[in-house]
Amino acid sequence: MNNKNGEYIMRDPVKSEEFKQIILEKILDDLCRLAERDIFIMLPENKDDQIPYIKKEIVKTLEKL
């Protein structure tokens, strides 16, 4: 597979986490639009805390639907 369809990113564990974060941010953005929730988030500086933080915001947004 090539780099164009994202397969390359998923092979590298570090980039895999980055890819997951990109997808989760997109999901959060789409849910916020659906819930009419206008937010601006500042991600934690610690990389290990960023994905859990985004997941927490996704849950908060789902509760508003």
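With that settled, consider the overall build of the protein. Secondary structure assignment for the protein yields 3 helices and 0 strands. Starting at the N terminus and ending at the C terminus, the protein contains elements arranged as α-α-α. Buried residues in the protein amount to 23% of all 65 residues. Sequence-distant contacts in the protein: of pairs separated by 6 or more residues, those separated by 24 or more amount to 51%.

Bringing the nonpolar core into the picture now. Formed by L24, L28, L31, C32, I51, I54 and I58, the largest nonpolar core amounts to 7 residues. Those elements giving two or more residues to this core turn out to be α2 (13-34) and α3 (47-63). Ignoring any residue separated from it by four or fewer positions in sequence, one finds L28 in contact with I39, I41, I54, E57, I58 and T61.

This paragraph deals with α3. Helix length check: α3, at 17 residues, gives a terminal C-alpha distance of 26 Å against a target of 24 Å (1.5 Å per residue), a fit within 8%. All of the buried residues along α3 are Q50, I51, I54, E57, I58 and T61. With its buried residues spanning 120 degrees around the axis, α3 presents them on a single face. Residues of α3 that are exposed and point over 90 degrees away from its buried face: D48 and E63.

Right, let's get into a nonpolar patch on the surface. Together, I22, I23 and I27 give the surface a local cluster of nonpolar side chains, amounting to about 250 Å² of exposed area. Mapping I27 onto the fold places it in helix α2. Residue classification places I27 among the partly exposed residues on the basis of a relative accessible area of 37%.

Phi angles above zero are rare outside glycine, and E36 is one such case at about 55 degrees. With respect to the element layout, E36 can be found in the loop between α2 and α3.

Reading guide: rules and limits
- Residues numbered from 1 in each chain as written.
- Predicted model: local features only at pLDDT ≥ 70, side-chain atom pairs only at ≥ 80, totals over all residues.
- Heavy atoms only, no water.
- Helix = DSSP H or I, 4+ residues; strand = E, 2+ residues; numbered from the N terminus.
- Buried < 20%, exposed > 50% of the residue type's maximum accessible area, 1.4 Å probe, protein only.
- Contact = heavy atoms within 4.5 Å.
- Core = buried A, V, L, I, M, F, W, Y, C linked by side-chain atoms within 4.5 Å.
- Expected span 1.5 Å × (residues − 1).
- Arc of directions from axis to C-beta.
- Patch = residues over 30% accessible without salt bridge, like charges linked within 9 Å, V, L, I, M, F, W, Y side chains within 5 Å.
- Areas by Shrake-Rupley, 256 points an atom, 1.4 Å probe, with all protein chains shown as cover.
- Salt bridge = Lys/Arg side-chain N within 4 Å of Asp/Glu carboxyl O.

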